[in-house]
Each structure stands twice: as structure tokens, then as C-alpha cells.
Amino acid sequence: MRIDCRTALSAVCAVLAFGFAARAGAEAVTLTIESWRNDDLEIWQQKIIPAFEAKNPNIKVKFAPTAPKEYNAVLNTKLDGGTAGDLITCRPFDASLELFKKGHLAPVNDVTGMDAFGPVAKSGWSTDDGKTTFCVPMASVIHGFIYNKDAFAEVGAKVPTTEAEFFALLDKIKASGKYTPMDMGTADQWEAATMGYQNIGPNYWQGEEGRNALIHGRQKLTDPQWVEPFRVLAKWKPYLGDGFQAQSYSDSQNLFTLGRAAIYPSGSWEISGFNSQAKFKMGAFTAPVKKAGDTCYISDHVDIAIGMNAKTKYPQQARAFLQWVTSAEFATLYSTALPGFFSLSNHKVELQDPLAQEFVSWRSKCKSTIRSTYQILSRGTPNLENETWDESANVINGTDTPDAAAAKLQKGLESWYKPH
């Protein structure tokens, strides 16, 4: 029996797909998942995939990640060449929307269980009119600063809440000579933007207010609230490790988990890996505000989803996997196995990890936003997201001034984006 789920996207089809896959004597197939989350390989292999395969013995799953920086380019090459995996891990907004427009991702509106996700959860993987969703939402991540509690205790440091307190803390740690005050490199560039500019920036452009104003052309990247985060980033340089310009993302992770650095600008996505490697207690704090009493903003970013390669040879089995991703079982398993990746479904999930609990608690005291470059603004050439990687690294390295970086980004955006 052949079930064509590329066209029959109904609940009946999904049920038939499960039956097809689990039927005694059915031919076993292997689904390959494309992803940029190479840090999660062990968790997928040991926890997530076994849970799915236990209920679907005739569907085997292979998790095949690519390094984060290369993922978009590698994935596009595979899709264009017809060699991509059956399931595609989807970055939010424009990159995945472009894949859908090119016919690489199949719609998932009628996958059973999609009613577990509200419009905000689906916004990162839906068409501009909201009518078609092309990836099943998995999780959001929250930006912030992770710190070594033992190091803080040793040097007598306290968690900062304002920008002045933050730099006074860095001075104190540096003066102790015992730890690298702040652990980040610029070799891979994306960290400078994701862990730097997008981490602290919302406090200056006021989250959604500034982000939406930029999209609609009411603000420019050369306005003070968009330049100021670059000015703050430029001040990070003296507190980074020796040779930070050649320090990769994995180098930074190792430096922190070995206990050599006090503060790691990053986000909740690091929790799982750090828990397994660090031998010290960890805490987290939000990006410091300009002055005491200011409203705090956090980047609570719809981060990761999963869709189906429209040209997969196994659409029935791929649909079966996507349906499982919508379930309460997956939401609990994923959030527990990967603390710091917060489920976007409406299923109730109890978080056990204290560091994950700390991150998610910020939602009650700060206003949430998403990364400023992801929606609409990176559809043209030059790509604003990639350009922000470059300029954030340049500012920290000292090869561009904050004003020059902002001017380059604005000029690039103006060259193709009509509202600017």
C-alpha cells in the first residue's frame, strides 16, 4: 500500500503513516535529520531517537549535524543537489522561509498535533500572512550571561544589574589575575553578534518596539539606540582572553568549562553541554540595563523547528516523526534532555534544571523580544544577519568603529530594502 502524504496532509494520513511504519514485516527505512546542533549529537543518539524508535520499530533515525556557521550553506547545497536528509532542522524566519519558497520544505499545517502551537510559536516558520506553516516548532532559547559561581565567590564578585556594575565587575575579576573576566572569541564571527550584539542590544532599542520600528523604516541602524550596543561591545575587548581574535566557539566553550573564565556571554542553549563538562556551580544573569530602574529586555528567541524535505523518499515516515514532535512526550523529553531549550508547545513541562529555571524566570520580570535581524531584514543581499556577524566582530577587534559598523549595516540594508 502506498500512502502519499505529500498531498494527503490529513489526520487520517498521519494515522495511516504510523500504521504503515509499525506494521509487522514492513520494510525498515532510515530517516536522516539535518541540523546545526552538533553539540546535541549524543543526546539525540542516546535519548531522543531511542524514544521514537521504541514506538516506531520500522523507522530508524540518523542525526547528522553540520557546524553552525556552515549549516545554511551546506544545507542549501545538499537541497539543490538532491542529497539532503529527510528531515530538516529549521532556523527561524527568513532562511527557512526561503527554503519553503524554493519548494524544499513541505507544508505541515495538517500534521496532527499542530494545534499544540500558538501563532507566536509558529511565527518563525510561517509565511508572512500566517496561513502556511512549514516546520514544526521545537524550542526557544534565552540570551544572557552564564557565570562561574565558584569564581565569583573567590574574588568576592556580585551579579551586576547595571552597565556600570557590569564593567566594575569585569575590572575586579581582571585585577584578581585568577580568571579571564569574559570568555568569547571573534574567530567564527557569529558569536560576536549572537552572544554580544543581540544579547545586550534589546535593552537599548527596547526590544519589540525598536525591532518593529526598524522593519517598518521608522528607525535606522545609525540611530543612537542601535549604535550604542556597538559602543558597549567595543569596551569588551580588554576583558577577553589573550588571542581572542583566533578563539573559536569550541575554544570558548572549553575555556569556560575548564574553569578558566568567570563569565560567558551566551544563552540557555549552552546549559546541557556545560552541565556535563563543568565541575563548578553555575549561575546566570540578564544583560545589564543602562541605569538602575530601567526596564530590562531579553532575547527570548524562537530558535529551532523541524520540517520535511519536500523531496524525501519517505514522506509517510517523515510525517510520523513530525507528528511525534508535536506530542507532550517529545516536549517533555526535549526540554529535559536539553535544558535551556524551552518548548514552544502548550504542553505543560516541568523544568528540573536550576540553571534553566533561572533563565526562564526572566520572562516574568523582563520584556521578551527576538533577534533583530531574523524577520524580513535578512532576505536581501547583503544579508543583514551575516553582515551583523562581521561588524560585531570588527567592532570588538577594533578594526571598525561603532559608527562605521552601523553605517555599513544601514547602507547595506538601504541597498535592497524598500522601507529604508
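Everything below is about the structure shown above.
Residues numbered from 1 in each chain as written. Predicted model: local features only at pLDDT ≥ 70, side-chain atom pairs only at ≥ 80, totals over all residues. Heavy atoms only, no water.

> Even after reading the chapter, I still don't get the nonpolar core, so can you show me in this structure?
Here is a general trend for soluble globular proteins: nonpolar side chains tend to be buried in one another's company. Counting 131 residues, the largest nonpolar core has Trp 236, Ile 263, Phe 321 and Tyr 334 as the members making the most contacts within it. Here the element with the most residues in this core is strand 4 (residues 136-148); it accounts for eight residues. (Core = buried A, V, L, I, M, F, W, Y, C linked by side-chain atoms within 4.5 Å. Buried < 20%, exposed > 50% of the residue type's maximum accessible area, 1.4 Å probe, protein only. Helix = DSSP H or I, 4+ residues; strand = E, 2+ residues; numbered from the N terminus.)

> Please explain the pattern of salt bridges as it appears in this structure.
Opposite charge on two side chains makes pairing possible when the charged atoms of those side chains draw close. Evaluation of the coordinates by the stated rule reveals 18 salt bridges. For the salt bridge of Glu 34 with Lys 78, the shortest nitrogen-to-oxygen distance reads 3.2 Å. Taken together, the residues span a long stretch of sequence, with Glu 34 in strand 1 (residues 29-35) and Lys 78 in helix 3 (residues 68-81) at a distance of 44 residues. Its relative accessible area of 25% is what places Lys 78 among the partly exposed residues. The shortest N-O distance in the salt bridge between Arg 231 and Asp 403 comes to 3.0 Å. Taken together, the residues span a long stretch of sequence, with Arg 231 in helix 11 (residues 224-234) and Asp 403 in helix 18 (residues 402-414) at a distance of 172 residues. Using a relative accessible area of 43% as the deciding quantity, one classes Asp 403 as partly exposed. The network of salt bridges with shared partners includes Glu 163, Glu 228, Arg 231, Lys 235, Lys 290 and Asp 403. (Salt bridge = Lys/Arg side-chain N within 4 Å of Asp/Glu carboxyl O.)

> For this particular structure, what's the right way to read the packing of helix 8 (residues 190-200) against helix 17 (residues 384-397)?
Angle between the axes and distance between the axes: these two values describe a pair of packed helices. Two numbers describe how helix 8 lies on helix 17: the axes approach to 7 Å, and their chain directions differ by 85°. In terms of orientation, helix 8 and helix 17 fall into the roughly perpendicular class. Along the contact surface, helix 8 presents Trp 190, Ala 192, Ala 193 and Tyr 197, while helix 17 presents Thr 388, Trp 389, Ser 392, Ala 393 and Ile 396. Looking at the contact of helix 8 with helix 17, its residues break down into seven nonpolar, two polar and no charged. (Axes fitted to C-alpha atoms, helices over the stretch in contact; angles between N-to-C directions. Parallel < 35°, antiparallel > 145°, perpendicular 65-115°, else oblique. Contact = heavy atoms within 4.5 Å. Nonpolar A, V, L, I, M, F, W, Y, C, P; charged D, E, K, R; others polar.)

> Whenever I open this one, the layout of surface pockets confuses me. Can you help?
In this approach the atoms are scanned with a rolling probe the size of a water molecule, which exposes any empty space left behind. What the largest pocket holds in volume is close to 500 Å³. Secondary structure elements with two or more residues in the lining of the largest pocket: helix 3, strand 3 (87-90), helix 4 (94-101) and helix 17. Counting residues per element, the lining of the largest pocket draws most heavily on helix 3, at seven residues. Of the residues that constitute the lining of the largest pocket, the class distribution is 10 nonpolar, seven polar and seven charged. Counted as a void, the second largest pocket has a volume near 380 Å³. Contributing to the lining of the second largest pocket are 18 residues, with Asp 39, Ser 272, Gly 273, Ser 276 and Gln 277 lying nearest its centre. Secondary-structure elements contributing two or more residues to the lining of the second largest pocket are helix 2 (41-55), helix 12 (249-257) and helix 13 (271-277). Tallying contributions element by element places helix 13 first for the lining of the second largest pocket, with five residues. Residues belonging to the lining of the second largest pocket are distributed by class as follows: four nonpolar, eight polar and six charged. (1 Å grid on protein atoms, 1.4 Å probe; cavity = no way out; pocket = protein on both sides within 12 Å on 5 of 7 lines; lining within 4 Å. Points joined across faces, edges and corners; volume = space filled by probe spheres on them.)

> Whenever I open this one, the pairing of strand 8 (residues 297-308) confuses me. Can you help?
Every regular strand shows the same layout, with side chains that alternate between the two sheet faces. Among the 12 residues that make up strand 8, 12 are buried, leaving the element largely enclosed by the rest of the structure. Sheet topology places strand 4 next to strand 8; six bridges connect them, and they run antiparallel. If you follow Val 136 over to strand 8, its bridge partner there is Ile 306. Sheet analysis places strand 8 next to strand 10 (residues 367-369), joined by three bridges and oriented parallel. (Pairing = 2+ DSSP bridges.)

> Just checking my understanding: could you explain the packing of aromatic side chains for this structure?
Aromatic ring pairs are defined here through the distance separating the ring centres and the angle between the ring planes. What the rule picks out here adds up to 29 aromatic pairs. Each ring, one from Trp 205 and one from Trp 226, has its centre 4.1 Å from the other, and the planes form 10°; the classification is stacked. Placement of the pair is Trp 205 in helix 9 (residues 202-205) and Trp 226 in helix 11, with a sequence separation of 21 residues. Of the two residues examined, Trp 205 and Trp 226, each falls in the buried class. (Phe/Tyr/Trp six-rings, centres within 6.5 Å; stacked < 30°, edge-to-face > 60°.)

> I would appreciate a short explanation of the environment of Thr 336 in the present structure.
Position of Thr 336 relative to the elements: it lies in helix 15 (residues 328-337). We classify Thr 336 as partly exposed; its relative accessible area is 46%. A polar atom in the side chain of Thr 336 sits 2.7 Å from the backbone oxygen of Thr 332. (Polar contact = N/O pair within 3.5 Å; in protein donor to acceptor, adjacent residues only side chain to side chain.)

> Help me understand empty space enclosed by the protein in this model?
Counted by the stated rule, this structure contains four cavities of 30 Å³ or more. In this structure, the largest cavity spans a volume of roughly 270 Å³. As for the largest cavity, its lining consists of 19 residues, and the residues nearest its centre are Trp 36, Arg 91, Trp 190, Asp 303 and Arg 371. Of all the secondary structure elements, the ones that give two or more residues to the lining of the largest cavity are helix 3, helix 8 and helix 17. Classifying every residue of the lining of the largest cavity by side-chain character gives 10 nonpolar, two polar and seven charged. The space that makes up the second largest cavity amounts to roughly 60 Å³. Around the second largest cavity, the lining residues are Glu 163, Phe 166, Ile 200, Tyr 204, Val 232, Trp 236 and Pro 288. In the lining of the second largest cavity, the residues fall into six nonpolar, no polar and one charged.

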